[in-house]
Amino acid sequence: MRIYGYKKKKSKQQLLKAIDKCKSIDQLFALVQHEEINMRMHTLPGASNIPPKRLEIRNIDPDSTPLDRLKAAVKMTVEYTK
């Protein structure tokens, strides 16, 4: 049985290219949802008494846009999990 609209999951390299091509946050979120990418939330250390597991995003320009920072976080997740 064929399900229309469903595509085979992307390879790691295809996924990294698709992340770069996203032009808006909603496109990026749709890609994350479709590819079932699991990400951890960033936390503030004072939010609870549980030590946070921080995602370190290196080499990001502090003047970058929220979309650029989110893309970097998604790419980092893909690189470490796939």
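Preceding block: the structure.
Residues numbered from 1 in each chain as written. Predicted model: local features only at pLDDT ≥ 70, side-chain atom pairs only at ≥ 80, totals over all residues. Heavy atoms only, no water.

*Asks:* Help me understand the pattern of salt bridges in this model?
*Replies:* In a structure, side chains of opposite charge can pair up when their charged atoms sit close to one another. Enumeration according to the criterion identifies one salt bridge in this entry. Of the charged contacts in the structure, one is a salt bridge between D20 and K75, with a shortest N-O distance of 2.9 Å. Residue D20 is located in helix α1 (residues 12-21), and its partner K75 is located in helix α3 (residues 66-81); the two are separated by 55 residues in the primary sequence. Residue classification places K75 among the partly exposed positions, given a relative accessible area of 22%. (Salt bridge = Lys/Arg side-chain N within 4 Å of Asp/Glu carboxyl O. Helix = DSSP H or I, 4+ residues; strand = E, 2+ residues; numbered from the N terminus. Buried < 20%, exposed > 50% of the residue type's maximum accessible area, 1.4 Å probe, protein only.)

*Asks:* I'm lost on α3 in this one. Help?
*Replies:* Given a rise of 1.5 Å per residue, 16 residues ought to cover 22 Å, and the 23 Å separating the end C-alpha atoms of α3 matches this to within 8%. Along α3, the residues that are buried comprise L67, K71, A73, V74, M76, T77 and V78. Along its buried surface, α3 packs onto α1 and α2 (25-34). (Expected span 1.5 Å × (residues − 1). Contact = heavy atoms within 4.5 Å.)

*Asks:* So what exactly am I meant to see when it comes to α1 here?
*Replies:* An α-helix turns once per 3.6 residues; consequently, residues spaced three or four apart project the same way. Listing the buried residues of α1 in full gives L15, L16, A18 and I19. Looking down the long axis of α1, one finds its buried residues gathered within 160° of arc, a one-sided arrangement. Summarising the geometry of α1, the exposed residues directed more than 90 degrees from the buried face are Q13, K17 and K21. In this structure, the buried side of α1 is in contact with α2 and α3. (Arc of directions from axis to C-beta.)

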